[in-house]
Amino acid sequence: MSKMIPSPHSLATGVGALPGTDPEVACNDVLAIFPRFPYVPTLPERGLLEGIVFNDSGQLPGRIIKNDRLLYDSTADNTAAMEQVYMDYVEGNYAPYGFNKEYSSGFIEMMTHDLSRAMVLKCQVTGPVTFGMQVVDADKRPMYYDTQLADMLSKMIALKARWCEVEMKQKTGVAETVVVVNEPYLASLGSSVVPVDQDTVRTGWEDIAARVEGGLGIHCCSNTDWQFVMDLRPSVISIDAYTTAKEFLLYADAIVTYMERGGVVAWGIVPAEYKIFATETPDRLYDRYLDIRTRLCSRMPEHLFDAQSLITPSCGIRFADRKGAIEIMQTAAEISRRIRKEKPVQ
């Protein structure tokens, strides 16, 4: 069963994708800027298989890639392959669900580093909602709308998440891990246009949480039903605080309760899109973060907010070159340094 992670005390880390194609360069940049709380970068510019959903699809029964689209072959008999996923889940056999360099070169590279001095190492996997809503069958129906396929997806992703955390601890020597489930499609909760069933989401989350033994988080860079997300009790909730802080803070009482029980909010206060980032300054972003802090600390102790917060870019960095990505990450690190200096750890 997944657990809460140690309080990060306003350290900084990153989120998902970086520009470029060299995993060694990407990992070295991450470790230079976020040595205490590094993360595994993904490099979608290397090719289709390193993009979101594709990079977690290697073990998907009935997988077809056609015209750069990932599809589910509902015309084939995938029974045996699906039964194998279920059997592996029941038996805890996560070994076949790992990454290789073709799908996650950044993960493979990060495993070559000694991270025994880091507090936590973070990686991401595609969540079952986002996976299942993006992959369609022969009738162009999302996999997630088939109850059995949605159930199988959550179990497949659970096994991949378990493999990730075991690999991270064994290969890098890091003390703690957190696997963040990337779920932008949680924005569909409550939608009448692209509906997502809450019970299916909850059951899928519980499947993953039952297999993961370290930290397990959720990243959603859109607005959603945050009360529902917090009720899932993830270790980390990663949000686009630059864009959606106003909506997130509508749930202030629930946020306080969540942080009181050990939950961490990763405040994505630094815009990940370079064109927007270039219009800001570190001072303005720091003030923006302090405004969030002030509003919540009218309901909770400052030391609790600081202890249970991370500072991050708003999402993965795609629309930038390496120099721009470094600037974005360094700004998150600078905000972290300022808050930790001006509001020392108690």
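What you see is a predicted model, and the numbers here were worked out from it, not measured in a lab.

**Student:** Looking at this structure, how should I read unusual backbone geometry?
**Tutor:** Among all residues save glycine, negative phi is the norm, and among peptide bonds the norm is trans. Backbone geometry at Ser10 places phi at a positive 65 degrees, although glycine is not the residue there. The topology assignment puts Ser10 in the segment before helix 1 (23–33). In this structure Ser10 comes out as buried when scored by relative accessible area, which is 2%. Of note, the phi angle at Asn67 is positive, near 55 degrees, even though the residue is not glycine. Relative to the elements of secondary structure, Asn67 occurs in the loop between strand 1 (63–66) and strand 2 (69–72).

**Student:** Quick question: what am I supposed to make of the packing of aromatic side chains here?
**Tutor:** For any pair of aromatic rings, the description rests on two quantities: the centre-to-centre distance and the angle between the ring planes. Counted under the stated rule, the structure contains nine aromatic pairs. A centroid spacing of 6.0 Å and a plane angle of 85 degrees characterise the contact between Phe99 and Trp163, whose relative ring orientation is edge-to-face. On the criterion of sequence distance, the pair formed by Phe99 in the loop between helix 2 (79–91) and helix 3 (105–110) and Trp163 in helix 5 (residues 147–172) is long-range, its members being 64 residues apart. Exposure class is identical for Phe99 and Trp163. Each is buried. Between Tyr274 and Phe277, the aromatic rings sit 5.7 Å apart at their centres with planes inclined by 45 degrees, giving tilted as the arrangement. Highlighted residues: Tyr274 and Phe277, both in helix 10 (residues 274–277), separated by three residues, approximately one helical turn.

**Student:** Honestly, the packing of helix 11 (residues 282–296) against helix 13 (residues 322–342) in this entry has me stumped. Any pointers?
**Tutor:** Helix-helix packing: each pair is described by the crossing angle between the helix axes and the interaxial distance. Relative to each other, helix 11 and helix 13 sit at 55 degrees, their axes nearing to 10 Å. Considering their axes alone, helix 11 and helix 13 lie oblique with respect to each other. Classified by chirality, the crossing of helix 13 by helix 11 is right-handed. Seen from helix 11, the contacting residues are Pro282, Asp283, Leu285, Tyr286, Tyr289, Leu290 and Arg293; seen from helix 13, they are Thr331, Ile335, Arg338, Ile339 and Glu342.

**Student:** It is not clear to me how the packing of helix 2 against helix 5 should be interpreted in this structure. Could you clarify?
**Tutor:** Close contact between helix 2 and helix 5 brings their axes to 9 Å; oriented N to C, the two are set at 50 degrees. The angle between helix 2 and helix 5 places the two elements in the oblique class. With respect to the hand of their crossing, helix 2 and helix 5 are arranged in left-handed fashion. Across from Met82, Val85, Tyr86, Asp88 and Tyr89 in helix 2, the residues of helix 5 making contact are Gln148, Leu149, Asp151, Met152, Lys155, Met156, Ala158 and Leu159. A class-by-class count of the residues in the contact of helix 2 with helix 5 yields nine nonpolar, one polar and three charged.

Rules and cut-offs
- The residue numbers shown here count from 1 along each chain, following its written sequence.
- Under the rules for a predicted model, residues below a pLDDT of 70 receive no local features and side-chain atom pairs below 80 are neither given nor counted, while totals for whole chains, interfaces and linings still include all residues.
- With hydrogens and water stripped out, all remaining heavy atoms of the structure feed into the side-chain values.
- To qualify as a helix, a DSSP run of H or I must reach at least 4 residues; to qualify as a strand, a run of E must reach at least 2; elements of each kind are numbered from the N terminus.
- The buried label goes to any residue with under 20% of its type's maximum accessible area, the exposed label to any with over 50%, and the partly exposed label to all in between, with areas taken from a 1.4 Å probe on protein chains only.
- The pairing test for Phe, Tyr and Trp rings, Trp by its six-membered ring, is centres within 6.5 Å, and the orientation test on the planes gives stacked under 30 degrees, edge-to-face over 60, and tilted for anything in between.
- Helix axes are fitted only over the stretch in contact, all axes being lines through C-alpha atoms; the angle between N-to-C directions runs from 0 to 180 degrees.
- What sets the label is the angle itself: under 35 degrees gives roughly parallel, over 145 gives roughly antiparallel, 65 to 115 gives roughly perpendicular, and the rest give oblique.
- Each crossing gets its handedness from the near helix: less than a right angle anticlockwise from the far helix is left-handed, clockwise is right-handed.
- Only heavy atoms enter the contact rule, under which two residues are in contact if any of them lie within 4.5 Å.
- The nonpolar class holds Ala, Val, Leu, Ile, Met, Phe, Trp, Tyr, Cys and Pro. Asp, Glu, Lys and Arg form the charged class, and all remaining residues, Gly among them, are polar.

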